[in-house]
Amino acid sequence: MKLCRYNDDRLGVVIDGNVHDITPVQDEIVASSRRAMHGDPVIAVLPQWRQRMEDMARRSGRVPISQVRFLSPVARPSKVMAAPVNYRKHIAEMQNRKDINIKFLPNIGDAGIFLKANSSVVGPSEGIPIRFPERITEHEAEVVLIIGKAGSDITRERALDHVCGYCLGLDMTVRGSEDRSFRKSMDGYSVVGPWMVTADEIDDPDQLPFMLSVNGNVRQNSNTNDLIFDIRKLITFASQFYTLYPGDILYTGTPEGVGGVKAGDTILMRSEPLGEMTVDVRAHRIES
Ligand code: MN
């Protein structure tokens, strides 16, 4: 199933190029969810509600995907995690950079997973507002996984049981001297979308091809089979430090080819099994 959020907080299922509206399901789930819960209420009940969602989707009204504005498929992640330095060629590319000051790149096992502000999460239709046009803002194309089942100290054997789906992600970064979580947490700097493909539709998450282009020029083109910490290891690693909750977002790392964007640019990201999304880069402050 391809689950999406769109327009004014509507919930939908994508079938053959159309979005089928199942917003009444979302209303019912949210109305009965506990206020004290960790994580996203819709993602948390997906196993029990999935059949009803698919039944309603078949009967409901549909709109072509070209006519909707996609939001992040998760409304309320309890946290947004991201893997640094998780592709070898990206590490080599960063060590050779002369335009930014990187003294030392640890390996991911020493660097750990970092966090981005939840408020930075947007869907592709919302675009990326650039707050510091005089500084370098770069795209990092990444495969993103969504946690479906809560867990801590998760074993490698059980790791994929905790994943409910996958989507495309942009981990945007403004270069500078500040802490990484600060520079990657601006509004719109965590694009997730265009929808979540449930895990049962993905044969092997460590064999996902993906590409990114800017204004039609391909810049990143890789596959999760190049990951240093694979999908299972990222889940076991993160869950040694904190409990993972339904709806938690994990960016798995970016391959080589990161590069700058500016207001007016259009980013396209595509993966055969995960879909395609177009994201506009724009100015945060309009000159008057
Ligand atoms: Mn990243």
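Each residue is numbered by its place in its chain's sequence as written, counting from 1. Whole-chain, interface and lining totals are the exception, using all residues; otherwise, since this is a predicted model, local features are given only for residues with pLDDT of at least 70 and side-chain atom pairs are given and counted only at 80 or more. Just so you know, side-chain values use all the structure's heavy atoms and leave hydrogens and water out.

Undergrad: Quick one: what's the story with the coordination of the manganese ion, residue by residue and with numbers?
TA: Donor criterion used throughout: N, O or S atom within 2.8 Å of the metal, extended to 3.2 Å for Na, K and Ca. Water excluded; incomplete-looking sites may result. The coordination sphere of the manganese ion contains the protein donors E140 (OE), E142 (OE) and D171 (OD), at a distance range of 2.0 to 2.1 Å. When the donor residues of the manganese ion are listed from N- to C-terminus, their spacing reads E-x1-E-x28-D. Of this pair, E142 sits in strand β11 (residues 141-147) while D171 sits in strand β12 (residues 163-171), placing them 29 residues apart in sequence. A run of H or I in DSSP counts as a helix once it spans at least four residues, and a run of E counts as a strand once it spans at least two, with each numbered from the N terminus.

Undergrad: Give me the lowdown on the sheet that holds strand β9 (residues 128-130), citing residues and values where you can.
TA: Strand order in the open sheet formed by five strands is β9-β20-β19-β15-β16, and the pairing between neighbours is mixed. With one partner strand each, in any of the chains shown, β9 and β16 (217-223) form the two edges of the open sheet. Averaged over neighbouring strand pairs, the angle between their axes works out to 20 degrees when direction is ignored. Of the strand pairs in this sheet, strand β15 (residues 209-214) and β16 are connected by six bridges, and their pairing is antiparallel. Its bridge partner lying in β16, P209 is registered against N223. Here, any two strands with at least 2 DSSP bridges between them count as paired. Only C-alpha atoms enter the line fits that serve as axes; for helices the fit covers just the stretch in contact. Angles between N-to-C directions range over 0 to 180 degrees.

Undergrad: Quick one: what's the story with the domain arrangement of the protein chain, residue by residue and with numbers?
TA: Each domain of the protein chain was delimited in the assignment, giving domain 1 (2-67) and domain 2 (80-283). These domain limits were set by an automatic method or by a database of domain assignments. Computed from C-alpha coordinates alone, the two centres of domain 1 and domain 2 are separated by 24 Å. Every contact between the two is made by 12 residues of domain 1 and, on the other side, 14 residues of domain 2. Joining two parts hides part of their accessible area as seen by a 1.4 Å probe, and the buried area is that hidden amount summed over both. Both sides of the domain 1 and domain 2 interface together cover about 1,100 Å² of buried area, and 63% of this is carbon and sulfur. For this document, the term salt bridge refers to a Lys or Arg side-chain nitrogen within 4 Å of an Asp or Glu carboxyl oxygen. For the pair domain 1 and domain 2, the interface holds two salt bridges. Working rule for contacts: check all heavy atoms of both residues, and any pair within 4.5 Å makes them a contact.

Undergrad: Residue-level account of the state of the cysteines, with values.
TA: The term disulfide is used for any two cysteine sulfur atoms that are within 2.5 Å. Applying the stated criterion across every chain, the model contains zero disulfides. C167 provides the cysteine sulfur closest to C4, a residue in no disulfide bond, and the two sulfurs are 12 Å apart. Given the relative accessible area of 0%, C4 is considered buried. You can call C167 buried: its relative accessible area is 0%. Buried, partly exposed and exposed residues are distinguished by accessible area as a fraction of the type maximum, computed with a 1.4 Å probe on protein chains only: under 20%, between the cut-offs, and over 50%, respectively.

Undergrad: Outline the packing of aromatic side chains, supporting the account with residue identities and numerical values.
TA: Think of it this way: a Phe, Tyr or Trp ring, Trp meaning its six-membered ring, pairs with another when their centres are within 6.5 Å, and the plane angle makes it stacked under 30 degrees, edge-to-face over 60, tilted otherwise. Summed over the entire model, instances satisfying the criterion amount to four aromatic pairs. Note on F229 and F237: the rings are 5.4 Å apart at their centroids and 75 degrees apart in plane angle, and the pair reads as edge-to-face. Relative accessible area serves as the criterion here: at 11%, F229 is assigned to the buried category. Look at F237 and you get buried, because its relative accessible area is 11%. The interplanar angle of 85 degrees and the centroid separation of 5.9 Å between the aromatic rings of F237 and F241 together place this pair among those described as edge-to-face. Remark: F241 and F237 occur in helix α7 (residues 231-241); sequence separation between them is four residues, near one turn of the helix. Judged by relative accessible area, which is 63%, F241 ranks as exposed. A network of ring pairs unites the aromatic residues F229, F237 and F241 as a single cluster.

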